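# Tertiary structure, described
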Amino acid sequence: MKVDIPIYRSTPDSWIAKGLPQLMPRDPSLTQVFQKIDTLCDETASIGALPLWEGYFGLENYPTDVSSSAVRSSPQVRTARKTGMFFSSLASAFGPKEVVEIGSAFGVSGMYWCAGLSMNDVGNFTGFEPNSAWAPYAKSNISKILGRARLVEGTFEDNLDKAPASIDLAFIDAIHAPEFVENQLNLVLERARKGTLIVLDDIRFSKEMSDYWSLIRDDNRFSGAFEYTRRVGFLEVSG
């Protein structure tokens, strides 16, 4: 059974055209690590809600509460299990050497990316999380899935010296507003190569994000684009 995913466009030589149609929806060899992730997710959920990162304070017209008293729990911000398993299968099949996650939160999505990398002999993971209340949990979770994973406490923008010189796959999942996403995407592109995959979460978080996704997926900087579950957008960098 192959994955049935709408592809907006792709060049004949792109990974989206060649590799994505062959991607299995769930790699049976990942079953045991998925069970471990489920346990870690339950443990993290039991922590309850913790304060939001101060970088959100003062944002105007944001769809959710980002006041100084706002809190979030892991279940509120985590990647869904179905989507996470897709991330794992994609990482295993795509075989990136360097994966970067911008906005690791409590580390749930990072665990799924790391699970996919654990199936390969190569592949490092670097996550960035500026929230000092959340970052320790992200660091602990990803390290239990992949020994060569690391978590940087801070924003991607302020810690470029800690990012890989070349990025093969980037997951942008921080502040879901076009101006922030565009800046982070451009910084990733400076370290990207032909074929790098850039993944955007919450592409329909707001009308502004939905409009941004509709625009960026046709940008000629990318040789292909597709989305998964109408929430996550994927872009492949052109040469």
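Structure: above.
Right, let's walk through the structure included here. (Residues numbered from 1 in each chain as written. Predicted model: local features only at pLDDT ≥ 70, side-chain atom pairs only at ≥ 80, totals over all residues. Heavy atoms only, no water.)

Moving on: the layout of surface pockets. If a probe as big as a water molecule is rolled over the atoms, it shows which places are left empty. Reported here for the largest pocket is a volume of approximately 530 Å³. Along the wall of the largest pocket there are 32 residues; nearest its centre are Tyr-56, Asp-173, Ala-174, Ile-175 and His-176. Its residues assigned to classes, the lining of the largest pocket comprises 16 nonpolar, 9 polar and 7 charged. Looking at the second largest pocket, its volume works out to about 160 Å³. (1 Å grid on protein atoms, 1.4 Å probe; cavity = no way out; pocket = protein on both sides within 12 Å on 5 of 7 lines; lining within 4 Å. Points joined across faces, edges and corners; volume = space filled by probe spheres on them. Nonpolar A, V, L, I, M, F, W, Y, C, P; charged D, E, K, R; others polar.)

The next subject is empty space enclosed by the protein. For the structure shown, the criterion picks out 1 cavity of 30 Å³ or more. What the largest cavity holds in volume is close to 50 Å³. If you go around the largest cavity, the residues you meet are Ser-74, Val-77, Arg-78, Thr-79, Gly-103, Ser-104, Ala-105, Phe-106, Gly-107, Val-108, Ser-109 and Asp-173. Of the residues assigned to the lining of the largest cavity, the class counts are 4 nonpolar, 6 polar and 2 charged.

A few words now on the environment of Gly-195. Counting through the fold element by element, Gly-195 comes out in the loop between helix H7 (178-189) and strand E8 (197-200). Setting aside anything within four residues of it in sequence, one finds Gly-195 in contact with Phe-94, Glu-236 and Val-237. (Helix = DSSP H or I, 4+ residues; strand = E, 2+ residues; numbered from the N terminus. Contact = heavy atoms within 4.5 Å.)

Our next topic: the nonpolar core. Within the largest apolar cluster, 41 residues are counted, with the highest numbers of intra-cluster contacts made by Phe-86, Leu-90, Trp-113, Phe-125 and Phe-234. The leading source of residues in this core is helix H5 (residues 108-118), at 7 residues. Excluding anything up to four places from it in sequence, Phe-234 contacts Phe-86, Phe-87, Leu-90, Ile-198, Val-199, Trp-213, Gly-224, Ala-225, Phe-226, Glu-227 and Tyr-228. By size, the runner-up hydrophobic cluster in this structure holds 25 residues, among which are Phe-156, Val-181, Leu-187 and Leu-235. (Core = buried A, V, L, I, M, F, W, Y, C linked by side-chain atoms within 4.5 Å. Buried < 20%, exposed > 50% of the residue type's maximum accessible area, 1.4 Å probe, protein only.)

A separate point is helix H2 (residues 31-45). Between its first and last C-alpha atoms H2 spans 21 Å; for 15 residues at 1.5 Å apiece the expected length is 21 Å, and the two agree. Where the residues of H2 are buried, they touch helix H3 (74-77), helix H4 (81-94), H5 and helix H6 (135-143). (Expected span 1.5 Å × (residues − 1).)

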